[in-house]
Amino acid sequence: MMPTCEEIARLLASEQLEQAGPVRRLLIRLHLLICDGCGRYARELEALGETARDALRVPLDPERLEALERTILERAAREDSGGTSGSAVAP
Amino acid sequence: MAAMPKMIEDPSRTQGIRVRDPEILQAVVKANLPMLLRAARGAGLSEDRAEDVVQETLLTFLARAEEFDGRARVRTWLYGILLKKISRAFEGVRRAQETEEIDQVVEARFSDTGRWAQPPRGPDAGGDRERVRGWLLECLDGLPDRRRQAFVLREVEGLSTEEVCKVLEVSPNNLGVLLFRARNGLRECLETKGLRGRHDADL
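Residues numbered from 1 in each chain as written. Chains lettered and ligands numbered in written order. Predicted model: local features only at pLDDT ≥ 70, side-chain atom pairs only at ≥ 80, totals over all residues. Heavy atoms only, no water.

## With respect to the overall build of chain B
At step 1: Scanning chain B from N- to C-terminus turns up nine helices and zero strands.
At step 2: Shown N-terminal to C-terminal, the secondary structure of chain B runs as helices and strands in the order α-α-α-α-α-α-α-α-α.
At step 3: Across the 203 residues in chain B, those meeting the buried criterion constitute 49%.
At step 4: A fraction of 71% describes how many contacts in chain B between residues 6 or more apart in sequence connect residues 24 or more apart.
At step 5: Carbon and sulfur atoms make up 49% of the accessible area of chain B, which amounts to about 10500 Å² in all. (Helix = DSSP H or I, 4+ residues; strand = E, 2+ residues; numbered from the N terminus. Buried < 20%, exposed > 50% of the residue type's maximum accessible area, 1.4 Å probe, protein only. Contact = heavy atoms within 4.5 Å. Areas by Shrake-Rupley, 256 points an atom, 1.4 Å probe, with all protein chains shown as cover.)

## Side note on the overall build of chain A
At step 1: The helix and strand tally for chain A stands at four helices and zero strands.
At step 2: In chain A, the succession of α and β elements from N to C terminus is α-α-α-α.
At step 3: Looking at chain A as a whole, 33% of its 91 residues qualify as buried.
At step 4: In chain A, of all internal contacts separated by at least 6 residues, the share reaching a separation of at least 24 is 43%.
At step 5: If you sum the accessible surface of chain A, you get close to 5700 Å²; carbon and sulfur atoms cover 57% of it.

## Points about the packing of helix α3 (residues 36–56) of chain A against helix α7 (residues 145–156) of chain B
At step 1: One way to put it is that α3 of chain A packs onto α7 of chain B with a least axis distance of 9 Å and a crossing angle of 85°. Overall, the two elements α3 of chain A and α7 of chain B adopt an arrangement that is roughly perpendicular. The residues of α7 of chain B that touch α3 of chain A, namely those facing Leu45, Leu48, Gly49, Ala52, Arg53 and Leu56 of chain A, are Phe151, Val152, Glu155 and Val156 of chain B. (Axes fitted to C-alpha atoms, helices over the stretch in contact; angles between N-to-C directions. Parallel < 35°, antiparallel > 145°, perpendicular 65-115°, else oblique.)

## Section: the environment of Met1 of chain A
All names here are of chain A.
At step 1: As for its position among the elements, Met1 is in the segment before α1 (5–13).
At step 2: With relative accessibility at 82%, the residue Met1 sits in the exposed group.
At step 3: Expressed as a C-alpha distance, the spacing of Met1 and Ala52, which sit 51 residues apart in the sequence, is 36 Å.

## Describing the packing of aromatic side chains
At step 1: Tallying each qualifying case throughout the model produces five aromatic pairs over all chains.
At step 2: Between the aromatic rings of Phe61 of chain B and Phe68 of chain B, the centroid separation amounts to 6.0 Å while the plane-to-plane angle is 70°, which identifies the pairing as edge-to-face.
At step 3: Summarising the aromatic geometry, the rings of Phe68 of chain B and Trp77 of chain B are spaced 5.1 Å apart at their centres and angled 75° between planes, so their arrangement reads as edge-to-face.
At step 4: Aromatic rings pair up to connect Tyr41 of chain A together with Phe110 and Trp116 of chain B into one cluster.
At step 5: Of note, Arg10 of chain A hangs over the ring of Phe180 of chain B, and the distance from its end group to the ring centre comes to 4.3 Å. (Phe/Tyr/Trp six-rings, centres within 6.5 Å; stacked < 30°, edge-to-face > 60°. Lys NZ or Arg CZ within 6 Å of the ring centre and 35° of its normal.)

## A closer look at the interface of chain A and chain B
At step 1: At the junction of the two partners, chain A supplies 43 residues and chain B supplies 54 residues.
At step 2: A combined buried area of about 4500 Å² lies between chain A and chain B, and 63% of that area is made up of carbon and sulfur atoms.
At step 3: Our count for the contact surface shared by chain A and chain B stands at 11 salt bridges.
At step 4: Notably, a salt bridge pairs Arg64 of chain A with Asp48 of chain B, separated by 2.9 Å at the nearest N-O pair.
At step 5: On the surface where chain A and chain B come into contact, there are 21 residue pairs in polar contact (both at pLDDT 80 or more).
At step 6: Those elements giving two or more residues to the side of chain A that touches chain B turn out to be α1, α3 and α4 (62–82) of chain A.
At step 7: At 16 residues, the largest contribution of residues to the side of chain A that touches chain B is made by α3 of chain A. (Buried area = accessible area lost by both parts, 1.4 Å probe. Salt bridge = Lys/Arg side-chain N within 4 Å of Asp/Glu carboxyl O. Polar contact = N/O pair within 3.5 Å; in protein donor to acceptor, adjacent residues only side chain to side chain.)

## Some points on the confidence of the model for chain B
At step 1: A residue-level look at chain B finds 87% of positions with pLDDT of 70 or above and a mean pLDDT of 86.
At step 2: No element of chain B has a lower mean pLDDT than helix α9 (residues 172–202) of chain B, which averages 85, and none a higher one than helix α3 (residues 47–63) of chain B, which averages 93. (pLDDT = per-residue confidence, 0-100.)

## Some thoughts on the pattern of salt bridges
At step 1: Applying the stated rule across the entire model yields 31 salt bridges over all chains.
At step 2: Notably, a salt bridge pairs Arg64 of chain A with Glu47 of chain B, separated by 3.2 Å at the nearest N-O pair. Pair noted here: Arg64 of chain A is in helix α4 and Glu47 of chain B is in helix α3, and the two residues belong to different chains.
At step 3: The shortest N-O distance in the salt bridge between Arg187 of chain B and Glu188 of chain B comes to 3.4 Å.
At step 4: By relative accessible area, which is 13% here, Glu188 of chain B ends up buried.
At step 5: Salt bridges sharing partners connect three or more residues here, namely Glu15 and Arg53 of chain A together with Arg154, Glu155 and Arg183 of chain B.

Encoded structure:
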């Protein structure tokens, strides 16, 4: 049976295309070439990822990063030496 | 004889973490700080809250460094700890929203024979990039936690599907459902905003 648009949309959005067998995958690829709706759907999914990366990968302030790193390491060292167990690192 | 568990993380780094080699621990903190901060921001935390939660995450990891066994990458462990802390931070605040409304919305886009009844408009129908970025953040914020986490880890942080499964402790099939719902939720939300934007512009 030929794959339907609905099936293809489901496989694309859930990233489960590999679960279809090789012949079915080939049919799906052909379908994507000729079906306008599915082609647009696939491009929209790709654009979603791109837009999300654009929106969330904001540059972080290097000074703030460094300060945070220092705080974490200092706190970790303090908690280490404060512990009574013998497992703490030797200086 | 039982098979040896497979090491995924680099063995010498794993060993360094287990014996708490200060240089290696410092490198782990440095290398993972930006990703963790982004993931926390992506989960909807403010800049300050994100820094707090990331700090707690790394301290938890450092305190339990001896337990690290290298069977998953360091960053997979760290994401796991981070998401547990975030969901605790959100407990009771965020709606659990386990409805499956989106499944029906998607179904309604197809005819009985599985063809598009209401085909998508395509990625360029939304408006300018800056505006679409803003909309996307709003739409992300409206997604239920698990869906948003799955989407952000996969698309923004670029984790493999296997890694996302480990972090979220779900099966590959469940991850498929989460991603399907997240992506379609975002698509529908963006499309609605795009249509509304266009009508506003026409006024």
